[in-house]
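Summary of the model geometry
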Amino acid sequence: MHPIELLVSKADAAINEEDFDTLIDIYSDDAVLVIKPGMNAVGKEQIRKAFEAIAAHFEHSLDVRQAGMAILETGDTALVLAKTVVSAKNLQATERKATYVFKRGSDNRWVCAIDNSYGHDLLEANG
């Protein structure tokens, strides 16, 4: 498995278990998380608060899984295209065509710089 696949799997497990310390460690300091079209969280502090609010919104029943992934890597940057399945008590299983951007630091460690689980749907939402 590609190291990024392992990180995405680790992130999914952390979201499902509400292990926000582990989750936040996967993001770069200046990362961007698309909360929903038109609303982003920037930086680890905002991203953590967003995930805490998302967990509460879904009554602590959120389940995130990957149903396929392609990674395009060049140098210290990787584009990840994924089929992400999201479900919860109050949300029927929904497949999203997610887009993630990872960057590799000087320590050779990959971190998520952009987390957009909505993928191209952002284009539709912005008209």
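Relevant structure appears above.
Read on for a plain summary of the structure. Note that residues are indexed from 1 along each chain, following the sequence as it is written. Owing to the predicted nature of the model, reporting of local features is limited to residues with pLDDT of at least 70; listing and counting of side-chain atom pairs is limited to 80 or more, with chain, interface and lining totals taken over all residues. Hydrogen atoms and water are omitted, and side-chain values are computed over all heavy atoms in the structure.

Now for helix α1 (residues 3–17). Two residues of an α-helix separated by three or four positions point the same way, owing to the 3.6 residues in each turn. In this text, helices come from DSSP runs of H or I with a minimum length of four residues, and strands from runs of E with a minimum of two, each type numbered from the N-terminal end. What a helix should span is 1.5 Å times the count of its residues minus one. When the terminal C-alpha atoms of α1 are compared, their 21 Å separation across 15 residues agrees well with the 21 Å that a helix rising 1.5 Å per residue should span. The contact rule is simple, with two residues in contact once any of their heavy atoms fall within 4.5 Å. Looking at the buried positions of α1, the neighbouring elements they touch are α2 (20–25), α3 (43–57), β3 (63–74), β4 (77–88), β5 (91–104) and β6 (110–116). Taken from the residues just after α1, E18 is the one with a positive phi, measuring 55°.

We now examine the nonpolar core. By nonpolar core is meant a set of buried Ala, Val, Leu, Ile, Met, Phe, Trp, Tyr and Cys residues that side-chain atoms within 4.5 Å join together. Relative accessibility decides the category of a residue: with a 1.4 Å probe and only protein chains considered, values under 20% of the type maximum give buried, values over 50% give exposed, and everything between is partly exposed. Grouped together as the largest cluster of nonpolar side chains are 32 residues, with contacts concentrated most on L23, Y27, I47, F51, L62 and F102. Breaking this core down by element, the ones donating at least two residues are α1, α2, β1 (27–36), α3, β4, β5 and β6. The greatest single-element share of this core, amounting to six residues, is contributed by α1. Residues contacting I47, with those up to four places away along its chain left out, are I24, Y27, A31, V32, L33 and A41.

A separate point is the sheet that holds β3. Pairing between sheet strands relies on hydrogen bonds along the backbone, with the strands arranged either parallel or antiparallel. The strand order β2-β1-β6-β5-β4-β3 describes an open sheet built from six strands, whose pairing is mixed. Two strands in the sheet have a free side with no partner beyond their single neighbour: β2 (39–42) and β3. Taken over all neighbouring pairs, the strand axes of this sheet differ in orientation by 25° on average, direction set aside. By this definition, two strands are paired if DSSP reports at least two bridges between them. As defined by bridge partners, β4 adjoins β5 across eleven bridges and the pair is classed as antiparallel. Paired with L81 across the bridge in β5 is T99. Note on method: axes are straight lines fitted to C-alpha atoms, helices fitted across the in-contact stretch only, with angles between N-to-C directions ranging 0 to 180 degrees. Its contacts with the sheet place α1 against β3, β4, β5 and β6, and it is angled at close to 155° to β3. Sitting on the sheet, α3 is in contact with β1, β2 and β6, with an inclination near 35° to β1.

Pairing of aromatic rings covers Phe, Tyr and Trp, the last counted by its six-membered ring, and requires centre-to-centre distances within 6.5 Å; plane angles under 30 degrees mean stacked, over 60 mean edge-to-face, and any other angle means tilted. Under the criterion given, the structure shown has one aromatic pair. Look at Y27 and F51: their rings are 6.3 Å apart centre to centre, the planes differ by 45°, and that puts the pair in the tilted class. With Y27 in strand β1 and F51 in helix α3, this pair connects stretches of sequence that are 24 residues apart. Here Y27 matches F51 in class, with each residue buried. In this structure, R96 is placed above the aromatic ring of Y118, and the distance from its NZ or CZ to the ring centre is 4.2 Å. We count a charge as sitting over a ring when the NZ of a lysine or the CZ of an arginine lies within 6 Å of the ring centre and within 35 degrees of the ring normal.

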